[in-house]
Amino acid sequence: MQAKAIFDLYFKRAYEALDKAAEDKLNQLVEEDENTKRIKETFEQLNNSLTDTPRDFVGFHLFRGPSYNQLTHCTGDTRKKVELWSEKEVAEREHLDRMREEVEAQLLACETYEQARAILRTYSIISFDGDLEYYKPF
């Protein structure tokens, strides 16, 4: 497959864009949650009420690490929004997977680079000028 490098690069970037969009949306949903806002306000009030603290003391904050479940304190409404969002994300990933399989199968049948370019253009992987297109999730 002569267009393998372009194919691989496009889908690598597409999955990265999808991962980032999914993470950003989840963070947005959690930040907009009423319980999360109350928890932040409580931490701010606590930090503002502390006395006799060193200047470099950053105060108390809500820890967000790899094992921290962001939805722990969210309302049921936000959890439903996250479930709906997750369904959209899964559907988008499935679409991208199917598209990858389809394009790869078609590229394997190409004998010339011009044939491969035509396929890549058809799927909006490259522009008419041959520039790699940016994948826009959702």
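Per chain, residue numbering runs from 1 following the sequence as it is written. Restriction of local features to residues with pLDDT of at least 70 applies here, the model being predicted, together with a cutoff of 80 or more for giving and counting side-chain atom pairs; totals for whole chains, interfaces and linings are based on all residues. Only hydrogens and water are removed before side-chain values are computed, so all heavy atoms of the structure are retained for them.

J.: Describe the nonpolar core, with residues and values.
T.: Counting residues in each nonpolar core, the largest one holds 18 residues, and the members touching the most others are Y10, F11, M99, V103, L107, L120 and I125. The secondary structure listing takes helices from DSSP runs of H or I that are at least 4 residues long and strands from runs of E that are at least 2 residues long, numbered from the N terminus. Residue assignment for this core shows that the elements contributing at least two residues are α1 (4-31), α3 (76-108) and α4 (113-122). Residues count as neighbours in contact if any of their non-hydrogen atoms are within 4.5 Å of one another. With sequence-adjacent residues up to four places away left out, Y10 is seen in contact with M99, S124, I125, L132, E133 and Y135. Within the second largest apolar cluster, seven residues are counted, among which are L29, L71, V82 and W85. To define a nonpolar core, start from buried Ala, Val, Leu, Ile, Met, Phe, Trp, Tyr and Cys residues and group those joined through side-chain atoms within 4.5 Å. Think of it in three bands: with a 1.4 Å probe and only protein chains considered, a residue is buried below 20% of the maximum accessible area for its type, exposed above 50%, and partly exposed in between.

J.: Residues and numbers for a negative patch on the surface, please.
T.: Nonpolar side chains (Val, Leu, Ile, Met, Phe, Trp, Tyr) within 5 Å and like charges within 9 Å form the patches, drawn only from residues with over 30% relative accessible area and no salt bridge. Per-residue and other accessible areas were derived by the Shrake-Rupley procedure at a 1.4 Å probe size, with only the shown protein chains allowed to occlude residues. We count a salt bridge whenever a side-chain nitrogen from Lys or Arg sits within 4 Å of a carboxyl oxygen from Asp or Glu. In this tally Asp and Glu are treated as negative and Lys and Arg as positive; neither His nor the chain ends contributes. The atom standing in for a charge is NZ when the residue is Lys, CZ when it is Arg, CG when it is Asp and CD when it is Glu. Side chains of E94, D97, E101 and E102 sit close together on the surface and give a patch of like negative charge. When you line up the elements, E102 lands in helix α3. With a relative accessible area of 41%, E102 lands in the partly exposed category.

J.: Explain the packing of α3 against α4 to me, using residue names and the numbers behind them.
T.: Where α3 meets α4, the closest approach of the two axes is 9 Å, and the angle between their N-to-C directions is 165°. What the angle tells us is that α3 and α4 run roughly antiparallel. Two packed elements cross with a definite hand, and for α3 against α4 that hand is right-handed. Seen from α3, the contacting residues are V103, Q106 and L107; seen from α4, they are A116, I119 and L120. Of the residues contributing to the contact of α3 with α4, the split by class is five nonpolar, one polar and no charged. Note on geometry: axes are C-alpha line fits, over the in-contact stretch for helices, and angles between N-to-C directions span 0 to 180 degrees. Between 65 and 115 degrees an angle is taken as roughly perpendicular, under 35 as roughly parallel, over 145 as roughly antiparallel, and anywhere else as oblique. Crossing handedness: left-handed means the near helix sits turned counterclockwise from the far one by under a right angle, and right-handed means the same turn made clockwise. Three classes are used: nonpolar for Ala, Val, Leu, Ile, Met, Phe, Trp, Tyr, Cys and Pro, charged for Asp, Glu, Lys and Arg, and polar for all others, with Gly counted as polar.

J.: Got a sec to walk through the pattern of salt bridges? Specific residues and values, please.
T.: All chains considered together, the criterion is met by nine salt bridges. In this structure, D8 and R100 form a salt bridge, with 3.8 Å as the shortest nitrogen-oxygen distance. Of this pair, D8 sits in helix α1 while R100 sits in helix α3, and the two are 92 residues apart along the sequence. Here R100 falls in the partly exposed class, since its relative accessible area comes to 26%.

J.: Before we move on, can you summarise the packing of aromatic side chains with the specific residues and values?
T.: Two rings from Phe, Tyr or Trp (for Trp, the six-membered ring) form a pair when their centres sit within 6.5 Å of each other. Planes less than 30 degrees apart are called stacked, planes more than 60 degrees apart edge-to-face, and all others tilted. As enumerated under the stated definition, the model contains four aromatic pairs in all. For the pair Y10 and Y135, a centre-to-centre distance of 6.4 Å together with 90° between the ring planes defines the contact as edge-to-face. Here Y10, found in helix α1, pairs with Y135, found in the segment after α4; they are 125 residues apart in sequence, far enough to count as distant. Relative accessible area serves as the criterion here: at 8%, Y135 is assigned to the buried category. Aromatic side chains W85 and F138 sit 4.5 Å apart centroid to centroid with 45° between the ring planes, which places their arrangement in the tilted category.

Keep in mind these numbers describe shape, not what the thing actually does.
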